[in-house]
Amino acid sequence: MSTPPVEYPVTWAPRRTRAVLLPVCALLVVLFAVLAVLLPENWQLNDRIMMTGSGVLFACVGLMLARPRVRADAEGVTVVNFVRSRRLAWAEIVQVNFRQGDPWATLDLADGTSLATVGIQSGVGRAQAIADARALRDLVEHHARA
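First things first, this report covers the structure right here in the doc. (Residues numbered from 1 in each chain as written. Predicted model: local features only at pLDDT ≥ 70, side-chain atom pairs only at ≥ 80, totals over all residues. Heavy atoms only, no water.)

## Observations concerning helix α3 (residues 126-145)
An α-helical turn contains 3.6 residues, so any two residues separated by three or four positions project in the same direction.
Move 1: Its 20 residues place the ends of α3 28 Å apart at the C-alpha level, agreeing with the 28 Å of an ideal helix rising 1.5 Å per residue.
Move 2: If you check which residues of α3 are buried, you get A129, D132, A133, L136, L139, V140, H142 and H143.
Move 3: Buried-residue contacts for α3 involve β1 (10-12), β2 (69-72), β3 (76-80), β5 (93-97), β6 (104-109) and β7 (114-121). (Helix = DSSP H or I, 4+ residues; strand = E, 2+ residues; numbered from the N terminus. Expected span 1.5 Å × (residues − 1). Buried < 20%, exposed > 50% of the residue type's maximum accessible area, 1.4 Å probe, protein only. Contact = heavy atoms within 4.5 Å.)

## Let's talk about helix α2 (residues 45-65)
Move 1: Here α2 contains 21 residues, and its C-alpha end-to-end distance of 30 Å stays within 8% of the 30 Å for a straight helix at 1.5 Å per residue.
Move 2: Along α2, the residues that are buried comprise R48, M51, G55, A59 and G62. The arc that holds every buried residue of α2, seen down its axis, measures 75°, which confines them to one face. Opposite the packed face of α2, turned more than 90 degrees from it, sit the exposed residues L45, N46, M50 and L57.
Move 3: Contacts from the buried residues of α2 go to α1 (15-38). (Arc of directions from axis to C-beta.)

## Brief notes about the packing of α1 against α2
Move 1: Between α1 and α2, the least distance of the axes is 8 Å, while the angle of their chain directions is 175°. Regarding the angle of α1 to α2, the classification is roughly antiparallel. Contact with α1, carried on its side by L21, L22, C25, L28, V29, F32, A33, L35, A36 and V37, involves R48, M51, T52, S54, G55, V56, F58, A59, G62, L63 and L65 of α2 and no other residues of that element.
Move 2: Taken together, the residues that form the contact of α1 with α2 break down as 16 nonpolar, 4 polar and 1 charged. (Axes fitted to C-alpha atoms, helices over the stretch in contact; angles between N-to-C directions. Parallel < 35°, antiparallel > 145°, perpendicular 65-115°, else oblique. Nonpolar A, V, L, I, M, F, W, Y, C, P; charged D, E, K, R; others polar.)

## Some points on the sheet that holds β7
Move 1: The 3 strands are arranged β5-β6-β7 in an open sheet whose pairing can be described as antiparallel. Edge positions in the sheet fall to β5 and β7, since each of these pairs with one other strand and no more. Adjacent strand axes in the sheet meet at a mean angle of 25° when their direction is disregarded.
Move 2: Pairing of β5 with β6, which is carried by 4 bridges, proceeds in the antiparallel orientation. (Pairing = 2+ DSSP bridges.)

## Some remarks on the sheet that holds β2
Move 1: Ordered by their spatial adjacency, 4 strands build an open sheet running β1-β2-β3-β4, and the pairing between neighbours is antiparallel. Edge positions in the open sheet fall to β1 and β4 (85-89), since each of these has one partner strand only. Across the sheet, the mean angle from the axis of one strand to that of its neighbour is 15°, orientation sign disregarded.
Move 2: Bridge analysis of β2 against β3 gives 4 bridges, and the strand direction is antiparallel. Counted as the bridge partner of R71 is T78 from β3.
Move 3: Packing against the sheet, α3 makes contact with β1, β2 and β3, and its axis sits at approximately 145° to β1.

Keep in mind these values describe shape, not function.
Here you go:
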């Protein structure tokens, strides 16, 4: 087995998206908590709790949107999308696709299905997404030859 073209682990994630979403999530929790405290006196405790809970709920949605990433190591790839995460051995991945107009790269799998890799997305910049998809494709090809 030849040496891999990069050092493991390699992680691809929309970092700018995370850099924006994480502070916004914290701000939402603080803002809704402050609003809950500043509500008029005729609002009851349940109303205040629901106001704070709404901020936490909105922050959870933001955190879910910040989750996507793709992590490659010597044994395979872990794809973390908005809700689910899936671990794949290198042999399970047949091809990496990132066609013109696609919002994110997809993996064609040996079982005939495909898997979206939201961590490699055009929202961070098309050129960067293409470079990331090519790097993952090169790793898949390297492991197919090995």
